[in-house]
Structure formats: structure tokens, C-alpha cells
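# Residue-level structure breakdown
The chain contents come next:
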Amino acid sequence: MLCFLVMFAYPLLRTILMSLHSMPGISSRMSDWTFVGLDNFTELFHNSVFLASLQNVGKIWLIGGILTLAFALLFAAILGSGVRGKRFWRSAIYLPNTISVVALATMWLQYVFQNKFGMLKTLFTFLGLHDLAKINWTSPRYLFWAMLIASVYSSVGYFMLIFLSGIEGIPHELYESARLDGAGSWQQFWHITLPLIRNVFRTCITLWTINSVNYFAMAKMFSSRMNLRTITPVYYLYDKIFGTAASASSVLNVGSGAAVGILVAILVLVTHVIMNKLLKEEAYEY
């Protein structure tokens, strides 16, 4: 009980209180707080930068989620089918998850998307795709998509392992029976695998939602300064509470940052409830 109060209840209640006040600094005494009610929340929804961050995180959640979970499920299905070298491929796909996000972002920016000698430019030039080779992936026009590609690459392995654990839990007798009845690989996947990993899929969507609304490190690495094309709510929160060298002229507002934290938590909760309604947990008997 004490652990719950110290590790969860107190930080939550303090953050809620902070969101209702104007504060000179994150470590300020409560006597220095000025009560403003819901003004911090109202200001957020009239702030074009914060609204842009919500749009960005929505695209990360939807487009990035579709790509990440689709590739993760594809790789899990292939590995679950008994392909040769399963351990090697499983480790290779999961490898990006063992590397720091900062290191991954640096790799993509300096060695893949680099406009003069990057891997993509070299590859497209070699293939004769000169229009694609001319694309500057770090320009404002393509920066969000470059960031999203890097994020999908770094996330697929994690969700692949979750899907794979669900697929490996399906009795092989079901597939053998389906093959004897003349079912092909696609029919087995559609009528056996997908229905029986429904609960796993639901868990993956919830985890991806949490990852999306807390998206920060990759956005920070892909933006030397606050950029409306790559900013996310947590990046906005960080800038409001701590500020950055590139935004030294901006007005710090710890209460507004706390309000962002509350909204992020509500967003995760609402998405989780919706997913529970759409993908109800079911107990299967084999």
C-alpha cells in the first residue's frame, strides 16, 4: 500500500495539482504556485503548436501502427511456420530494439538519409532511380516520413516477438487438421492464426498506443529545434517545462507541461477502453 502511494498516487495527484496552477519552476514550493484552474488546458487547445503535435502523434499511431504491426505479424507468421534459421532471423529482426534510440536515429540521419552519400541516395542512384535519389529525406517536406520509417524499423522486432509467442501457443494439430482438409497457407492464417491471436493483437495495439503518445526521443533527434512537422505532445511537454537552447525565447510554463502529461494519460486510457470494446478479450478452448 505504501509503495502504491509513493510510486503512483502521489506523483499522479501532484501532477494534477500542477496542471491547475501557474508555476515559476518545476521544483518551486507550493506556496509559490498560482491557481489558474483549467486555463492551462484551455490554452493548450488554442495553441497551434500543441494541436500540430496531436496531429503528428495521430499519424504516428495510425500509419506507424499499421506498418509496424503488419510487418511484425508478417515476420512472426513466417518464423512460426518453421522456416530454417529461425533463431538467427528472430535475433536479427529484434536487434534494433537492443540499440539506443539515440544511436539508431543517428545511424538513420548520418548514414541512411544523408543527402550526399547516404545509403538511400547511393542505392537509388545505382538502380537508376534518379528522381528518388534526389529526395532530401531530412528536408522539412520529408522529415516526418523519414522519422516514421526509422521508428517502424526500431519497433517491428519487439512486436514480432509478442505475435510470435502467441502463434507458437497455437496447437500444431489445428494446422495439421486444416492441411488434411485441403486448407492452404493463407486460409490457415486467416481462419486459425488471426482468430486465435486476437487477444495478442489487442495487447499490441495498447502497447503501440502507449509508445505513440510517449513518442519523444526520435522526434528530438530528428529536430534540432522545435519543428511543427515532427513535434509530439511529450516533446512539447519537455520544451514547456525545461526549455531548449533552440527555443530560449519561449515562455516556460510548468503547469502547461503538467496539463500535457494529464492529457497524454487520458488519451492512453480512452484508447485502451475503446480497444477493449472493439476487441473484447475471449477465452479459447482447443
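Parameters at a glance
Residues numbered from 1 in each chain as written. Predicted model: local features only at pLDDT ≥ 70, side-chain atom pairs only at ≥ 80, totals over all residues. Heavy atoms only, no water. Helix = DSSP H or I, 4+ residues; strand = E, 2+ residues; numbered from the N terminus. Buried < 20%, exposed > 50% of the residue type's maximum accessible area, 1.4 Å probe, protein only. Areas by Shrake-Rupley, 256 points an atom, 1.4 Å probe, with all protein chains shown as cover. Lys, Arg positive; Asp, Glu negative; His and termini not counted. Charge placed at Lys NZ, Arg CZ, Asp CG, Glu CD. Salt bridge = Lys/Arg side-chain N within 4 Å of Asp/Glu carboxyl O. Expected span 1.5 Å × (residues − 1). Contact = heavy atoms within 4.5 Å. Phe/Tyr/Trp six-rings, centres within 6.5 Å; stacked < 30°, edge-to-face > 60°. Lys NZ or Arg CZ within 6 Å of the ring centre and 35° of its normal. Core = buried A, V, L, I, M, F, W, Y, C linked by side-chain atoms within 4.5 Å. Axes fitted to C-alpha atoms, helices over the stretch in contact; angles between N-to-C directions. Parallel < 35°, antiparallel > 145°, perpendicular 65-115°, else oblique. Left-handed = near helix turned anticlockwise from the far one by under 90°. Nonpolar A, V, L, I, M, F, W, Y, C, P; charged D, E, K, R; others polar. Patch = residues over 30% accessible without salt bridge, like charges linked within 9 Å, V, L, I, M, F, W, Y side chains within 5 Å.

## Thoughts on the overall build of the protein
The number of helices and strands found in the protein is 14 helices and two strands. Its C-alpha atoms give the protein principal-axis dimensions of roughly 75 × 55 × 30 Å. Out of the 286 residues belonging to the protein, those deemed buried represent 40%. For the protein, the exposed area adds up to about 16,700 Å²; of that, 66% sits on carbon and sulfur atoms. With 20 positive and 12 negative side-chain charges, the protein shows a separation of 12 Å between the mean positions of the two kinds.

## Concerning the pattern of salt bridges
Close approach of charged atoms allows side chains of opposite charge to pair. Under the defined criterion, the tally for this structure stands at one salt bridge. A salt bridge links K86 to E168; the nearest nitrogen and oxygen atoms lie 2.3 Å apart. Of this pair, K86 sits in helix α4 (residues 86-94) while E168 is found in helix α8 (residues 143-168), placing the two residues 82 residues apart along the sequence.

## Some words on helix α11 (residues 198-213)
In a regular helix each residue adds 1.5 Å, so 16 residues correspond to 22 Å; α11 covers 23 Å between its end C-alpha atoms and thus fits that length. If you check which residues of α11 are buried, you get N199, V200, R202, C204, I205, T206, W208, T209, S212 and V213. Contacts made by the buried residues of α11 are with α3 (48-80), α8, α13 (233-241) and α14 (254-278).

## Quick look at the packing of aromatic side chains
This structure, assessed with the given rule, holds 16 aromatic pairs. Here the aromatic rings of F163 and F201 are separated by 5.5 Å at their centres, their planes lie at 45°, and the arrangement is tilted. Residue F163 is located in helix α8, and its partner F201 is located in helix α11; the two are separated by 38 residues in the primary sequence. Given the relative accessible area of 0%, F163 is considered buried. The exposure class assigned to F201 is partly exposed, which follows from its relative accessible area of 25%. A centroid spacing of 5.7 Å and a plane angle of 25° characterise the contact between W186 and W190, whose relative ring orientation is stacked. Here W186 pairs with W190, and both are found in helix α10 (residues 185-196), just four residues apart, close to one helical turn. For W186, a relative accessible area of 59% translates into the label exposed. Feature note: the residues W108, F113, W137, Y142 and Y153 constitute an aromatic cluster, connected by ring pairs. Against the face of F144 rests K59, its NZ or CZ located 4.5 Å from the ring centre.

## Quick notes on the nonpolar core
Across soluble globular proteins, nonpolar side chains show a tendency to be buried alongside one another. Formed by 63 residues in total, the largest nonpolar core has its most connected members in F113, M147, F163 and F222. Ranked by the residues each element gives to this core, the list is headed by α8, at 14 residues. In this structure, M18, M23, V254 and A258 belong to the second largest nonpolar core, which totals five residues.

## Here we look at the packing of α4 against α8
Relative orientation of the contacting elements α4 and α8 amounts to 140°, with a least axis distance of 7 Å. With respect to α8, the element α4 is oriented oblique. On α8, the residues that touch K86, R90, I93 and Y94 of α4 are V156, G157, Y158, M160, L161, L164 and E168.

## Side note on the packing of α11 against α14
The interhelical angle for the contact between α11 and α14, taken along N-to-C directions, is 165°, at an axis separation of 10 Å. By the angle between their directions, the pair α11 and α14 is classed as roughly antiparallel. Here α11 and α14 pass one another in a crossing that is right-handed. Taken together, the residues of α14 that come into contact with α11 (itself represented by R198, R202, I205, T206, T209, I210 and V213) are V264, L267, V268, T271, H272, M275, N276 and L278. The class makeup of the residues in the contact of α11 with α14 is eight nonpolar, five polar and two charged.

## Quick notes on a nonpolar patch on the surface
The grouping of W61, L62, I63, I66, L67, F71, L74, I78, V83, F88, W89 and W145 at the surface amounts to a nonpolar patch, some 1,100 Å² of accessible area in total. Broken down by element, the residue count for the nonpolar patch peaks at eight residues, all from α3. Overall, the relative accessible area of 35% leaves L67 in the partly exposed class.

## Looking at the environment of L69
Position of L69 among the secondary structure elements: in helix α3. For the pair L69 and P24, spaced 45 residues apart in sequence, the C-alpha separation works out to 42 Å.

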